[in-house]
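The lines below spell out each chain.
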Amino acid sequence: MAKTTKTLKSDVLISGAGVVGMTLAYSLASQGLQVTLVDTLDVKKSLNDEFDGRSYAISYAPYVMLKTIGLWDKIGIEAQPINEIHVTDGDSPIFLHFDKEELGEGPLGQMVEVRHIRAGLYDAIKDHKNITLISPDSIAAVENFSGQTHVKFESGKTLQASLVIGAEGRGSTLRAQNDIKVRVWDYKQTGIVTTVEHELDHQGIAHEKFFASGPFAILPLKDNRSSIVWCEPPDRAKTIMALNERSFNAELTKKFGTFLGEVKSLGQRWSYPLTMQLADQYTAERFCLIGDAVHGIHPIAGQGFNLGLRDIAALSEVLVDAHRLGGDLGSELVLERYVHWRRTDNNILALGMDGLTRLFSNDNAAITIARRAGLAAVEEMPVVKKFFMKHARGTVGKLPKLLKGEPL
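Keep in mind it's a predicted model, so treat the numbers as computed, not measured. Position numbers for residues start from 1 in each chain and track the written sequence from start to end. Reporting of local features is limited, given that this is a predicted model, to residues whose pLDDT is at least 70; pairs of side-chain atoms are given and counted only at 80 or more, and all residues count toward the totals for whole chains, interfaces and linings. Each side-chain value is worked out from all heavy atoms of the structure, with water and hydrogens disregarded.

K.L.:
What exactly am I supposed to notice about helix 4 (residues 114–125) here?
P.N.:
Every α-helical turn comprises 3.6 residues, leaving residues that sit three or four positions apart pointing alike. Only DSSP runs of H or I covering at least 4 residues are called helices, and only runs of E covering at least 2 are called strands; the numbering of each starts at the N terminus. To estimate how far a helix should extend, the number of its residues minus one is multiplied by 1.5 Å. In a regular helix each residue adds 1.5 Å, so 12 residues correspond to 16 Å; helix 4 covers 16 Å between its end C-alpha atoms and thus fits that length. To sort residues, take the accessible area from a 1.4 Å probe on protein chains only and compare it with the maximum for the residue type: under 20% means buried, over 50% means exposed, and anything in between is partly exposed. Val114, Ile117, Arg118, Gly120, Leu121, Tyr122, Ala124 and Ile125 are the residues of helix 4 that are buried.

K.L.:
I keep staring at the packing of helix 2 (residues 60–68) against helix 8 (residues 304–324) and nothing clicks. Help me out?
P.N.:
To describe two helices that pack against each other, one gives the angle between their axes and the distance between the axes. Following both chains from N to C, one finds helix 2 and helix 8 inclined at 50 degrees, their axes separated by 9 Å at the closest point. The pairing of helix 2 with helix 8 is recorded here as oblique in orientation. Read as a crossing pair, helix 2 and helix 8 show a hand that is left-handed. For the pair helix 2 and helix 8, contact is made by Pro62, Met65 and Leu66 and by Asn306, Leu309, Ile312 and Ala313, respectively. The residue inventory of the contact of helix 2 with helix 8, partitioned by class, reads 6 nonpolar, 1 polar and no charged. Every angle, taken between N-to-C directions, lies between 0 and 180 degrees, and every axis is a line fitted to C-alpha atoms, over only the stretch in contact when it is a helix. Comment on the angle field: the value is read as roughly parallel under 35 degrees, roughly antiparallel over 145, roughly perpendicular from 65 to 115, and oblique elsewhere. Put simply, a crossing is left-handed when the front helix is turned counterclockwise from the back one by less than a right angle, and right-handed when it is turned clockwise. A contact between two residues is defined here by any heavy atoms of the two lying within 4.5 Å. Lys, Arg, Asp and Glu make up the charged group, whereas Ala, Val, Leu, Ile, Met, Phe, Trp, Tyr, Cys and Pro make up the nonpolar group; the residues left over, Gly among them, are polar.

K.L.:
Got a minute to help me understand the nonpolar core in this structure?
P.N.:
Taken as a class, soluble globular proteins show a tendency for nonpolar side chains to be buried jointly. Put simply, a nonpolar core is a bunch of buried Ala, Val, Leu, Ile, Met, Phe, Trp, Tyr and Cys residues held in one set by side-chain atoms that sit within 4.5 Å of each other. Core analysis: the biggest nonpolar cluster contains 77 residues, and Ile58, Ile117, Ile165, Ile290, Leu319 and Tyr338 have the highest contact counts within it. If you tally residues by element for this core, the top one is helix 8, at 10 residues. Every residue in contact with Leu319, bar those within four places of it in the chain, is listed here: Val12, Leu28, Leu33, Leu163, Ile165, Leu329 and Val334.

K.L.:
How should unusual backbone geometry be read in this particular structure?
P.N.:
In terms of backbone geometry, most residues other than glycine have negative phi values and most peptide bonds are trans. In this structure, Pro136 follows Ser135 across a cis peptide bond, with omega equal to 0 degrees. Mapped onto the secondary structure, Pro136 falls in the loop between strand 9 (131–134) and strand 10 (139–145). Positive phi is not limited to glycine here, since Asp223 has a value of about 65 degrees. By the secondary structure assignment, Asp223 is in the loop between strand 16 (214–221) and strand 17 (225–232).

K.L.:
What is the right way to read the pattern of salt bridges from this model?
P.N.:
Should the charged atoms of two oppositely charged side chains come close, the side chains can pair. By convention in these notes, a salt bridge is any Lys or Arg side-chain nitrogen within 4 Å of a carboxyl oxygen on Asp or Glu. Counted under the stated rule, the structure contains 16 salt bridges. We note a salt bridge from Glu232 to Arg236, for which the minimum N-O separation is 3.5 Å. When its relative accessible area of 1% is taken as the criterion, Glu232 is described as buried. Salt bridges sharing partners connect three or more residues here, namely Glu232, Arg236, Glu251, Lys254 and Lys255.

K.L.:
Any chance you could explain the sheet that holds strand 5 (residues 80–82) here in plain terms?
P.N.:
Whenever strands of a sheet pair, they do so through backbone hydrogen bonds, lying parallel or antiparallel. When DSSP finds two or more bridges between two strands, those strands count as paired. Here we have 3 strands laid out as an open sheet, ordered 4-8-5, and antiparallel in their pairing. Each edge of the open sheet carries a strand with a single partner, namely strand 4 (55–59) and strand 5. When the angles between neighbouring strand axes are averaged without regard to direction, this sheet yields 30 degrees. With 3 bridges connecting them, strand 5 and strand 8 (residues 109–113) associate as antiparallel partners. Residue Ile82 lies in a different strand from strand 8, and its bridge partner there is Gly109.

K.L.:
Would you take a moment to explain the environment of Ser46 for this structure?
P.N.:
Within the fold, Ser46 resides in the loop between strand 3 (35–38) and strand 4. Between the C-alpha atom of Ser46 and that of Arg115, which follows or precedes it by 69 residues, the distance is 9.3 Å. Contacts described as polar in this section are N or O atom pairs within 3.5 Å, which, within protein, must combine one atom able to donate a hydrogen with one able to accept it, while residues neighboring in sequence count only if both atoms come from side chains. Polar contacts involving the side chain of Ser46 include one to the main-chain carbonyl oxygen of Val43, which spans 2.7 Å.

Structure follows, in C-alpha cells:
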C-alpha cells in the first residue's frame, strides 16, 4: 500500500523567511494564528555574518511596533540610536540638521545590523508553538477552492490554508505566478555596502551626503563603527569593488572625509543594483504581497525596511480582526482593507524617494543652486523640519495599533 502524506493545515502560509516574512509570522502567531513559513534557503544556515552585510535604520513607529510584539529585545540588543541626522549637498558648507531634541520624543531611529535582526528573528520563531518552518523548500503549485487554498511543495508536502502571503522580496516568484505586473525604474546606480571603523565617536549622528554620482550615507553603529551605503554608477562601482583593501580605503577616505579621524573598511563588501519597483496589484485570489515583493525603493533615506514593517502592522491588524470574528482571512473584503491602508502611503514614499534621488543625483548648475538654497531655507524653518522628522519617524497619518504601541 502506498504511503500517504498528511496534509498540513494553517491559517496563513508565508512564502519567504527573510526579515519581513519572519516578523509577520511572529506577529500573527503571537495572536493565536497558525502560521506556516516556507523558504527556498536553509534559514538556519543563512544566519552567518557573510550572508548580508547591510544595516537597517528602523524608524520610531516601527521600533514601537517591534517592542509591542516582543521582538525588540531579541533583535535590538546591539542597536545604535540615531540622535541626529546631517544632510549635505556635495562639498557645500550648507547642511540640514535634524536633532531628536527638536521633537523631545526619543531617538530619530535605531540602527541595527541585518545579521543581528535575522538571528534574533530565527530565535523567536524556531520553537514557536504556532509557527511551522519549512526550509529549504518551495511552492510547486497552488489551487484555490471556496474558503481555502491547497498548496503543494516541491518536497511533496501538502498544505491547506486560507491565505498565501508573498514575502519573497523583489524577485517574488509568487507575484509572477499570480500574473501581477511590476513597474521598474533603473537608477543606473550600484549601492556598495560595507562596515567601517573610525577613530572618533560618531555620537549617534547619521550623515547623508549627496553627490552627482549618487548619495553616500554614513550610518552609526555600536563601538566606533558605521555602516556605509555608497552609491555610484555601475561601471565605477565595479571598479571600486575590485580594489584591494588599501586602495579601497583610500577611495573611501576621499568620500568619507576625516571628521571622524582615520577610517577603514572592516573587510567584507557587498554591492546591489539600485532600482525602484512597484507592483500594479497587492492581491490576487487568496493571495497578497508584502514588503519588497510589492514595493522596492532607493535606499536614499533608509525607508525600505520601514515600509515593510508598516505593511506588517496593517496586515496583522486586518487578519487578527478577521480571525477573531471568525471571518475568512483570504476573502477579497479582508484583503482590500489591507490594500486601502497601505497603497497610498507606500506609493507616496516611494515616489518621494525617487524624486529626491533624481534631484540630488544631478550636477546641473541651476538645480544645484536651487537645491542648496532649499536646504538652507528648510534649516531656518523649525515647523517644516518637524514635519519632515515626524514623517521620517512614521508617526503621521492613520496608524495601525502596533505602530502606536497598542496591542492587537
